[in-house]
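# Examination of the molecular architecture
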Amino acid sequence: MKLKHLLTFITAVLLLSNFSCTSYKNIPYLQDLNRDSISREKISNYTQLTIQNGDLLGIHFVSLSLEASAMFNYNLERPYGPTGNLTGSEENAVVGYFVDNDGNISLPLYGKIKVTGMTTTEAGHYLEEKLATVLTKPSINVRIQNFRVAVLGDVKSPNSYTMVNERATVLDALSMAGDLNITGIRKITLIREIDGERVYVPLNLQSKDIFKSPYFYLKKNDVIYVTPNEQRAANDGSTFQRAGIIVSVLSIVAILLTR
């Protein structure tokens with residue numbers, strides 16, 4: 001073998017070792033799932049979200065009393081209309097109904113109504129009953145507007161995401177973040193604040209038991225963290241630089257030796 005061919009071979013070996021692949025056995029999700037047949041199981045770990053102090057509620061009022069409904073909808077619809085006549089304070093105003101520390105929202109004409117501990121469906125029906133004397137045949141839809149979760153670490157698009165669907169899962173959040181990178185460890189961490197405590201929960205994406213976890217369904221302000229594997233931690237940001245240096249050095253050696 002000629003010297004330059006030997007050097008080419010050495011360069012290739014070094015580059016391949018530098019770009020060594022993550023072991024395939026660590027990549028697939030739900031590895032203990034039987035993929036050859038259909039299986040079923042009951043869902044027993046889902047609980048509906050309930051309204052809490054500090055929530056921001058988007059409430060849409062519909063009734064036969066058009067003018068009265070518009071009065072209740074003013075701070076929900078304002079951002080979508082013309083803003084030319086808004087004052088600075090109005091432009092920065094909270095859009096929606098804020099749940100105060102006593103669990104109340106404050107409605108025009110009616111005043112304060114307590115809604116904490118209710119689901120959004122329950123709150124809608126409760127408001128319909130309370131406002132029946134103000135609105136004619138009201139139909140009221142309630143949504144939690146500040147249901148956000150953060151996805152951090154070794155995913156394609158780490159960010160904070162607003163969950164439109166109140167029945168959101170860990171997999172929904174990871175999907176919004178573009179899924180794990182190939183170098184992300186499949187045993188992730190969910191961080192949740194519960195009754196003044198911060199809980200760190202390990203979740204294994206490689207096992208179908210994740211669907212049974214009481215933490216599979218997300219709550220407001222959950223944080224999901226994906227740890228990069230050792231290869232990513234060692235190579236991130238420097239792999240191509242090291243490869244370029246190796247190629248440059250060997251090229252110079254090859255030129256000097258072939259003269």
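Quick look at the structure, then. Predicted, not measured: the structure shown is a model, and the values here were computed from it.

Moving on to the overall build of the protein. In terms of regular secondary structure, the protein is built from 7 helices and 10 strands. Every one of the 259 residues in the protein was classed for burial, and the buried ones make up 35%. Put simply, 64% of the contacts in the protein that link residues at least 6 apart link residues at least 24 apart.

This part covers the nonpolar core. Note that soluble globular proteins tend to have their nonpolar side chains buried in a common cluster. Within the largest apolar cluster, 45 residues are counted, with the highest numbers of intra-cluster contacts made by I105, L174 and L218. Excluding anything up to four places from it in sequence, L218 contacts L49, F147, V149, M163, A168, T169, V170, A173, L190, R192 and I224.

Our next topic: the pattern of salt bridges. Under the definition given, this model contains 5 salt bridges. Residues K220 and D55 are paired through a salt bridge, measuring 2.3 Å at the closest nitrogen-oxygen approach. Here K220, found in the loop between β9 (197-204) and β10 (223-226), pairs with D55, found in the loop between α1 (3-18) and β1 (56-62); they are 165 residues apart in sequence, far enough to count as distant. A relative accessible area of 2% places D55 in the buried class. Between R192 and D222 there is a salt bridge, and its shortest N-O distance comes to 2.7 Å. Remark: D222 occurs in the loop between β9 and β10 and R192 occurs in strand β8 (residues 187-194); sequence separation between them is 30 residues. Exposure remark for R192: the relative accessible area of 6% places this residue in the buried category.

Another point: the pairing of strand β6 (residues 148-153). Where β6 meets strand β7 (residues 159-162), 4 bridges bridge the pair, whose relative direction is antiparallel. Looking across to β7, one finds that R148 is bridged to T162. What sits between β6 and β7 in their antiparallel hairpin is a turn of 5 residues. With 4 bridges joining them, β6 and β10 adopt parallel strand pairing. Bridge pairing in β10 places V151 opposite I224.

As defined by bridge partners, β8 adjoins β9 across 8 bridges and the pair is classed as antiparallel. Paired with L190 across the strands is V201, a residue of β9. If you look at the hairpin formed by β8 and β9, you'll find 2 residues sitting between the two strands, and D195 has a positive phi there, around 50 degrees.

Per the stated rule, a full pass over the model turns up 5 aromatic pairs. Here Y46 and Y217 contribute two aromatic rings whose centre-to-centre distance is 4.8 Å and whose plane-to-plane angle is 65 degrees, an arrangement assigned as edge-to-face. A residue pair is termed long-range when its members are at least 10 positions apart, and Y46 in the loop between α1 and β1 and Y217 in the loop between β9 and β10 qualify at 171 residues. Relative accessible area serves as the criterion here: at 25%, Y46 is assigned to the partly exposed category. Seen from their ring centres, F216 and Y217 are 5.3 Å apart, and the 80 degrees between their planes marks the pair as edge-to-face. One cation-aromatic arrangement involves R167 over Y46; the distance from NZ or CZ to the ring centre is 4.6 Å.

Further remarks concern the sheet that holds β9. Sheet architecture is open: 5 strands sit in the order β7-β6-β10-β8-β9, paired in mixed fashion. One side of each edge strand has no neighbouring strand; the edge strands of this open sheet are β7 and β9. Across this sheet, the average inter-strand angle for adjacent strands is 20 degrees, counted without regard to direction.

Its location among the elements puts N101 in the loop between β2 (97-98) and β3 (104-107). Look at N101 and you get exposed, because its relative accessible area is 69%. C-alpha of N101 to C-alpha of G54: the two residues are 47 residues apart in sequence and 6.8 Å apart in space.

Another aspect to go through is the sheet that holds β2. Reading across from one edge, β2-β1-β5 is the order of the 3 strands in this open sheet, with antiparallel pairing throughout. The open sheet has two edge strands, β2 and β5 (139-144), and neither has a second partner. Here β1 pairs with β2 via 2 bridges, running antiparallel. What sits directly across from L57, in β2, is Y97.

Each value, and the rule that gives it
- Residues numbered from 1 in each chain as written.
- Predicted model: local features only at pLDDT ≥ 70, side-chain atom pairs only at ≥ 80, totals over all residues.
- Heavy atoms only, no water.
- Helix = DSSP H or I, 4+ residues; strand = E, 2+ residues; numbered from the N terminus.
- Buried < 20%, exposed > 50% of the residue type's maximum accessible area, 1.4 Å probe, protein only.
- Contact = heavy atoms within 4.5 Å.
- Core = buried A, V, L, I, M, F, W, Y, C linked by side-chain atoms within 4.5 Å.
- Salt bridge = Lys/Arg side-chain N within 4 Å of Asp/Glu carboxyl O.
- Pairing = 2+ DSSP bridges.
- Phe/Tyr/Trp six-rings, centres within 6.5 Å; stacked < 30°, edge-to-face > 60°.
- Lys NZ or Arg CZ within 6 Å of the ring centre and 35° of its normal.
- Axes fitted to C-alpha atoms, helices over the stretch in contact; angles between N-to-C directions.

Function cannot be inferred from these measures alone, as they are strictly geometric.
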